[in-house]
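Analysis of the macromolecular model
The residues making up each chain are set out below.
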Amino acid sequence: MPQIIGVPKETAAGEKRVATVPEVVEKLIKLGFAVRLQSGAGEGANCSDESYRAAGAEVVATAAELWSGSDIVLKVGVPTVEEVGLLREGGTLIGFIWPAQNPELMQQLAAKKATVLAIDSLPRTLSRAQKMDALTSQAGVAGYRAVIEAANAFGRFFNGQITAAGKVPPAKVFIAGAGVAGLAAVGTAASLGAIVRANDTRAEVADQVVSLGGEFVKVDYAEEGSGGGGYAKVMSEGFQNAQREMYARQAREVDIIITTALIPGKPAPRLITAEMVQSMKPGSVIVDMAGERGGNCELTEAGKAVVKHGVTIIGYTDLNSRLAKQSSTLYATNLFRLAEELCKTKDGVINVNMEDDAIRGLTVIKDGGITWPPPPVKQAAPRPAAAAAKPAEKKGHGHGGGGPIPAKALAILFGVGALAFWFIGAYAPAAFLGHFTVFVLACFIGYMVVWNVTPALHTPLMSVTNAISSIICIGALVQVAPPLQDVAGRPEGWILGLAVTGIALTAINMFGGFAVTRRMLEMFRK
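Being a predicted model, the structure only gives us computed values, none of them experimental.

**Looking at the overall build of the chain**
A count of helices and strands for the chain gives 17 helices and 17 strands. Counting over 526 residues, the chain shows a buried share of 41%. Considering only intrachain contacts with a sequence separation of at least 6, the fraction spanning at least 24 residues in the chain is 61%. Counting only carbon and sulfur atoms, one obtains 62% of the accessible surface of the chain, whose full area is about 28400 Å².

Spelled out as structure tokens, the structure:
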């Protein structure tokens, strides 16, 4: 018998997201599940009860009816004590749990003999887990919304303008932390025309910042900041002092600061001090995305936008709910991908496979037994590159090997080549020698011309093929049009036909290359 997936209405203050949307309900039903929702669960995300019914879901009136009648409950926010009390004995709960921060909640869920999958505990180092990574999808939305909130509070355009009324300089935006949220903020601010700078303790994100249109600002201190699972680690005191000096300089120069620094299980690091806020220009804006965990700014007030020292400090904790429709759609898709992994047989019954690294990492409670923290994810053993190279070297010196040619074989090859050239020069007709000389020179020159083409308008492969086509076209034109002093020497019919055919085919190839390149470039234009 298929299991019932229940989606309750979120009870946290200001939470407008919902764990699934009508488009995803249809997909869950195709997996074999029955879906029911609490009435009004999707109102904050502009999803009406009627739209859920049209998708095939059942809508129930109360939370008690929803929780008690569902085998699997999908949630967004951390469940309350009351909601845990409503959970069916031995039921399954999927959502944000934050087990390290909520030990009492873990005990309450274990007492219900529940199976709990914490979407926040997904091993993010697994490439196959990316489709289920709700932390990433939600962080991207929050980073985008942080820039929108900053633009709303800022008193000028983001992009520079020159008008009859005067010149408007572009806004300068500094983003502290270039994780998923920070990179989303970089891309959004740059697309609005601002001058964007960003910093992160992880040096490998510098290229990503630049690719999105930002400038990576380095800290004048050598220390690597990459931590486990794609997160940053706590840095040394020396690095933090150098970082504060850099932040102080940026605070004096920029108009907007967006902070995104968070380390799992720890309070948000303090990056922006009261003195830095005081040094900022009047009318500047700070968006502190870590407000819920204490804030990266010393003057942040969680859930509020306040003005201090002439600077607007935004500490909203509901950035995702301010784009509830988009956040809910992405989150619902993450949960659907998880449901696919749990129900590969498509019979509407989940199988929590503890042998699967991704599922094992997600599962914090199994049938009432606390299984968190999970064991380290097994990493694939690196390939022994040096060992693999040895057989190839040996093979190169044997018969048919792919290694370098031995000196003796190379000498014999040159000797045979020289003998062949002498034979041709001694016995071939004079007319043939002229053509042969031109042929050899054309091979060398053609090789140098083709492989030195810069792929400025095409991909490297298309640049080479177009260069070859161009040489063929020139050769065909030479055959079609004889020299001026020998106008009567028209080529024979079959030579003329081959030349015209060659010109036609190479023209198709060349113009087709430009057409394909143009279509490729259009894919990246907004």
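**Thoughts on the sheet that holds strand E14 (residues 305-308)**
Taken in spatial order, the seven strands make up an open sheet running E11-E10-E9-E12-E13-E15-E14, and their pairing is mixed. Where the open sheet ends on each side, the last strands, each with one partner, are strand E11 (215-216) and E14. The pairing of strand E10 (residues 195-199) with E11 spans two bridges and is parallel. Among the inter-strand pairings, Ala 198 is bridged to a residue of E11, identified as Phe 216. Contacts between helix H6 (residues 134-153) and the sheet are confined to strand E12 (256-259), strand E13 (285-288) and strand E15 (311-314), with E13 contributing the most and set at about 155 degrees to the helix.

**Remarks on the side chain of Thr 115**
Within the fold, Thr 115 resides in strand E6 (residues 115-118). Given the relative accessible area of 5%, Thr 115 is considered buried. If near-sequence neighbours (up to four positions away) are discounted, Thr 115 is found in contact with Gly 91, Thr 92, Leu 93, Val 352, Ile 365, Lys 366 and Asp 367.

**Things to note about the side chain of Asp 49**
Here Asp 49 shows up in helix H2 (residues 49-55). One buried charged residue, Asp 49, forms no salt bridge at all, with the nearest opposite charge on Arg 53 at 4.9 Å. In this structure the side chain of Asp 49 is engaged in a polar contact, spanning 2.8 Å, whose partner is the side chain of Ser 39. Side-chain polar atoms of Asp 49 contact the backbone nitrogen of Gly 40, separated by 3.0 Å. Ignoring any residue separated from it by four or fewer positions in sequence, one finds Asp 49 in contact with Ser 39, Gly 40 and Val 59.

**Focus: the pattern of salt bridges**
With the rule as written, the count across this model stands at 22 salt bridges. Residue Glu 341 pairs with Lys 131 through a salt bridge whose shortest N-O separation is 2.9 Å. In this pair, Glu 341 sits in helix H11 (residues 324-342) while Lys 131 sits in the loop between E6 and H6, placing the two residues 210 residues apart along the sequence. Look at Glu 341 and you get buried, because its relative accessible area is 15%.

**Notes on the packing of H6 against H11**
Contact pair H6 / H11: the axes reach a minimum separation of 9 Å and the direction vectors enclose 165 degrees. With respect to H11, the axis of H6 lies roughly antiparallel. Note that H6 runs across H11; the crossing there is right-handed. Residues Ala 134, Ser 137, Gln 138 and Val 141 of H6 pack against Gln 326, Ser 327, Leu 330, Tyr 331 and Asn 334 of H11.

**Quick look at helix H14 (residues 407-427)**
Compared with the 30 Å implied by 1.5 Å per residue over 21 residues, the 31 Å span of H14 between its first and last C-alpha is a close match. Burial of H14 is sparse: only zero of the 21 residues sit out of reach of the surface.

**As for the pairing of strand E16 (residues 363-366)**
Examined bridge by bridge, E6 and E16 share two bridges and lie antiparallel to one another. Among the inter-strand pairings, Leu 117 is bridged to a residue of E16, identified as Thr 363. Across two bridges, the pairing between E16 and strand E17 (residues 369-370) is antiparallel. Residue Lys 366 lies in a different strand from E17, and its bridge partner there is Gly 369. Once E16 ends, the chain turns through two residues before running back antiparallel as E17, passing Asp 367 with a positive phi of about 50 degrees.

**Considerations on the environment of Gly 425**
Locating Gly 425 in the fold gives a position in helix H14. Between the alpha carbons of Gly 425 and Phe 436 there is a distance of 9.9 Å; along the sequence they are 11 residues apart.

**Brief notes about the pairing of E10**
Counting buried positions along E10 yields four of five residues, so the element is predominantly enclosed. Looking at chain direction, strand E9 (residues 172-176) and E10 are connected through five bridges and run parallel. The residue of E10 that forms the bridge with Val 173 is Val 196. For the crossover from E9 across helix H7 (residues 180-191) to E10, the handedness is right-handed. For the segment spanning E10, helix H8 (residues 206-211) and E11, crossover handedness is right-handed.

**Some remarks on empty space enclosed by the protein**
Across all of its chains, the model carries one cavity of 30 Å³ or more by this definition. Reported here for the largest cavity is a volume of approximately 70 Å³. The wall of the largest cavity is formed by Ile 5, Leu 28, Phe 33, Ile 72, Leu 74, Ile 94, Leu 335, Leu 338, Ala 339, Leu 342 and Ile 350. Contributing elements (two or more residues each) for the lining of the largest cavity: strand E4 (72-74) and H11. Residue contributions to the lining of the largest cavity peak at four residues, all from H11. Here the residues of the lining of the largest cavity sort into 11 nonpolar, no polar and no charged.

**A closer look at H7**
In this model, H7 (12 residues) spans 17 Å end to end at C-alpha, consistent with the 16 Å of a helix rising 1.5 Å per residue. Note on H7: the residue one or two positions beyond its end, Gly 193, has a positive phi of about 100 degrees.

Rules and cut-offs
Residue numbers run consecutively from 1 along every chain, following the written order of its sequence. Residues qualify for local features only when their pLDDT is at least 70, as the model is predicted, and side-chain atom pairs are given and counted only at 80 or more; totals for whole chains, interfaces and linings, by contrast, use all residues. To obtain the side-chain values, all non-hydrogen atoms of the structure were included, while hydrogens and water were left out. Comment: elements are numbered from the N terminus, with helices defined as DSSP H or I runs of at least four residues and strands as E runs of at least two. With a 1.4 Å probe rolled over the protein chains alone, any residue whose accessible area is under 20% of its type maximum counts as buried; one over 50% counts as exposed, and the rest are partly exposed. The contact rule is simple, with two residues in contact once any of their heavy atoms fall within 4.5 Å. The Shrake-Rupley method, run with a 1.4 Å probe sphere, supplies the accessible areas, and residue values consider only the shown protein chains as cover. Two strands qualify as a pair provided DSSP detects at least 2 bridges between them. Axes, fitted as lines to C-alpha atoms, cover a helix only where it is in contact. Angles between the N-to-C directions of the axes lie from 0 to 180 degrees. We count Lys and Arg on the positive side and Asp and Glu on the negative side, and we leave His and both chain ends out. Basic side-chain nitrogens of Lys or Arg form a salt bridge, by our definition, when they fall within 4 Å of a carboxyl oxygen of Asp or Glu. Residues adjacent in sequence count toward polar contacts only when both atoms are side-chain atoms; beyond that, a polar contact is any pair of N or O atoms within 3.5 Å, and within protein one must be able to donate a hydrogen and the other to accept it. In these notes the angle categories are as follows: under 35 degrees is roughly parallel, over 145 is roughly antiparallel, 65 to 115 is roughly perpendicular, and the rest is oblique. Take the far helix as the reference: if the near one is turned anticlockwise from it by less than a right angle, the crossing is left-handed, and if turned clockwise, right-handed. The length a helix should cover is 1.5 Å for every residue beyond the first. Call a crossover right-handed when, viewed with both strands pointing away from you, the route from the first strand across the helix to the second goes clockwise. For cavity detection a 1 Å grid was placed over the protein atoms alone, and a set of points counts as a cavity when a 1.4 Å probe fits there but cannot get out; an open set counts as a pocket when protein lies on both sides within 12 Å along at least five of seven lines, with lining residues being those that have an atom within 4 Å of a point. Grid points are joined across faces, edges and corners, and a volume is the space filled by probe spheres set on the points. Here the term charged refers only to Asp, Glu, Lys and Arg, the term nonpolar to Ala, Val, Leu, Ile, Met, Phe, Trp, Tyr, Cys and Pro, and the term polar to all other amino acids, Gly among them.

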